[in-house]
Amino acid sequence: MPLQRFIKWFAWILCILVGIILCLKNLREPDIWWMLTTGDWMLENSKVIKEDVFSFTFAGTPWINVKWAFEILISLLNRLGGPEFLMTLQALVVT
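As the structure is a prediction and not an experimental result, all values here were calculated from the model.

### Structural notes on the overall build of the protein chain
Here is step 1: A count of helices and strands for the protein chain gives three helices and zero strands.
Here is step 2: With the C-alpha coordinates aligned to their principal axes, the bounding extent of the protein chain is approximately 65 × 25 × 20 Å.
Here is step 3: The buried share of the protein chain, reckoned over its 95 residues, is 22%.
Here is step 4: The long-range fraction of contacts in the protein chain, counting pairs at least 24 apart against all pairs at least 6 apart in sequence, stands at 55%.
Here is step 5: For the protein chain, the exposed surface amounts to about 7500 Å²; the carbon and sulfur share of it is 70%.
Here is step 6: Across the protein chain, the centroid of the 8 positively charged side chains sits 13 Å from that of the 8 negatively charged ones.

So, in structure tokens, the structure goes:
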């Protein structure tokens, strides 16, 4: 019986660690920081971005932003707990 209990706890711990590792890897993608900046801009200006406001060469070009709600959400979560909170939340969701 103790061996089965050990295997059960080991499996749970392994699943949680794999989830955390996968989350940390995904947050290294540069898009998360772009999304945070876009979300911050939308919260500061109280409107959804409809044209490129960040680039120098394409400023004013129409932009269909399909992820605007997620960008606002992660911007709010970032304000609540910082980037570490985003990583922890992502690890919990994946796990």
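### Focus: the confidence of the model for the protein chain
Here is step 1: Confidence along the protein chain averages 84 in pLDDT terms, with 91% of residues attaining 70 or more.
Here is step 2: When pLDDT is averaged over each helix and strand of the protein chain, the minimum, 82, is found for helix α1 (residues 2-26) and the maximum, 89, for helix α2 (residues 31-45).

### Digging into the packing of aromatic side chains
Here is step 1: All told, the structure shown has three aromatic pairs when counted by the stated rule.
Here is step 2: Centroid distance Phe6 to Phe10: 6.1 Å. Interplanar angle 20°. Geometry classified as stacked. Taken together, the residues span about one helical turn, with Phe6 and Phe10 both in helix α1 at a distance of four residues.
Here is step 3: Overall, the relative accessible area of 54% leaves Phe6 in the exposed class.
Here is step 4: On the numbers, 6.4 Å between centres and 55° between planes, the contact of Trp34 with Trp63 is tilted. Pair noted here: Trp34 is in helix α2 and Trp63 is in the loop between α2 and α3 (68-94), with a separation of 29 residues, a long-range link.
Here is step 5: Through successive ring pairs, a cluster of aromatic residues spans Trp34, Phe54 and Trp63.

Definitions and cut-offs
- By convention here, each chain's residues receive numbers from 1 onward along its written sequence.
- Only residues with pLDDT of at least 70 get local features here, since the model is predicted, and only at 80 or more are side-chain atom pairs given and counted; chain-wide, interface and lining totals rely on the full set of residues.
- To get the side-chain values, take all heavy atoms of the structure and skip hydrogens and water.
- Strands are runs of DSSP state E lasting at least 2 residues, helices are runs of H or I lasting at least 4, and numbering of each runs from the N terminus.
- Relative accessibility thresholds used throughout: buried, under 20% of the residue-type maximum; exposed, over 50%; partly exposed, between the two (1.4 Å probe, protein chains only).
- Here, two residues are considered to be in contact whenever any of their heavy atoms come within 4.5 Å of each other.
- Surface exposure here means Shrake-Rupley accessible area, sampled with a 1.4 Å probe, where a residue is shielded only by the protein chains that are shown.
- Counted as positive: Lys and Arg. Counted as negative: Asp and Glu. His and the chain ends are not counted at all.
- Charge placement uses NZ in Lys and CZ in Arg. For Asp and Glu, CG and CD serve respectively.
- For every residue, the pLDDT score states the predictor's confidence, bounded by 0 at the bottom and 100 at the top.
- Any Phe, Tyr or Trp ring, taking Trp's six-membered ring, that has another such ring centre within 6.5 Å forms a pair; planes under 30 degrees apart are called stacked, those over 60 apart edge-to-face, and the others tilted.

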